[in-house]
Amino acid sequence: MSIQYDTTLDAYLEKLGRNPSLLAIAPKVCGSLSMVSSCYVVQDILKSPGKRSQSTYHRVMLGLSIADILSSIIGNILSTWPIPNGYPHLYAVGNVRTCDAVGFFNTLTMFATPIYYCSLTTYYLVQLKYNWLDRDIRAIEKWLHIVPWSLGLVAAVIGLATKSYGPNPSTCW
């Protein structure tokens, strides 16, 4: 007598009494809220020439918010849509290329966003503990932007080169 195992996530969630569509829909809701909040920060900074041109803090926040907008759209709002059609995921209508593209940008933004938080922390460290003035911080500002995007890009390219991207329960990685 052989035992049959249903390994799809939807079947597992149904056995637990959970709605499988929750895994497909919840990230879209949360991602939308995050995107709207970050869009507000971006428009607030872009509307004010003083914030944009005179404050390193606001430019770092602008970079962080842009990374979060991309992460929210690609990783959460798109969610299961780019997963190749035929996989047992709710709303999976993509193909291998859409999954690879989303995996690439997911990796890029999932590295860039937390590293931007490190940039923001570095900004606070040098300003508050070491009493740097904004003109002093401008000397390192380029690195506060280059490091998050560069590390994210390196990780994303490595994933693409090694063909590491594919569907997982909620999106493509």
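One can find the structure itself at the top, above this paragraph.
Reference entry: report on the structure contained in this document. (Residues numbered from 1 in each chain as written. Predicted model: local features only at pLDDT ≥ 70, side-chain atom pairs only at ≥ 80, totals over all residues. Heavy atoms only, no water.)

Axis separation between helix α5 (residues 96-129) and helix α6 (residues 134-161) bottoms out at 8 Å; the angle between their running directions is 155°. Taken together, the axis directions place α5 and α6 in an arrangement best described as roughly antiparallel. α6 is crossed by α5, and the crossing has right-handed handedness. (Axes fitted to C-alpha atoms, helices over the stretch in contact; angles between N-to-C directions. Helix = DSSP H or I, 4+ residues; strand = E, 2+ residues; numbered from the N terminus. Parallel < 35°, antiparallel > 145°, perpendicular 65-115°, else oblique. Left-handed = near helix turned anticlockwise from the far one by under 90°.)

This next bit is on the packing of helix α4 (residues 56-77) against α6. The description of two helices packed together rests on the angle between their axes and the distance between the axes. At their nearest, the axes of α4 and α6 sit 9 Å apart, and the two run at 15° to each other. With respect to their mutual orientation, α4 and α6 come out roughly parallel. Read as a crossing pair, α4 and α6 show a hand that is left-handed. Side by side, α4 and α6 meet where Thr56, Arg59, Val60, Gly63, Ile66, Ala67 and Leu70 of the first sit next to Asp134, Ile137, Arg138, Glu141, Leu144, His145 and Trp149 of the second. Residues belonging to the contact of α4 with α6 are distributed by class as follows: seven nonpolar, three polar and four charged. (Contact = heavy atoms within 4.5 Å. Nonpolar A, V, L, I, M, F, W, Y, C, P; charged D, E, K, R; others polar.)

Looking at the secondary structure, you find Ser71 in helix α4. Beyond its immediate stretch of four places on either side in the chain, Ser71 contacts Asn76, Thr109, Met110 and Thr113.

A word on the state of the cysteines. Overall, the coordinates contain one disulfide when judged by the stated rule. A sulfur-sulfur separation of 2.1 Å characterises the disulfide bridge that pairs Cys99 with Cys172. Disulfide Cys99-Cys172: torsion about the S-S bond near -110°, hence left-handed. Of this pair, Cys99 sits in helix α5 while Cys172 sits in the segment after α6, and the two are 73 residues apart along the sequence. (Disulfide = S-S within 2.5 Å.)

Let us now look at α4. Here α4 spans 30 Å end to end across 22 residues, near enough to the 32 Å set by a 1.5 Å rise per residue. Burial runs high along α4: 16 of the 22 residues are buried. Positive backbone phi, approximately 45°, marks Ser79, located one or two places after α4. (Expected span 1.5 Å × (residues − 1). Buried < 20%, exposed > 50% of the residue type's maximum accessible area, 1.4 Å probe, protein only.)

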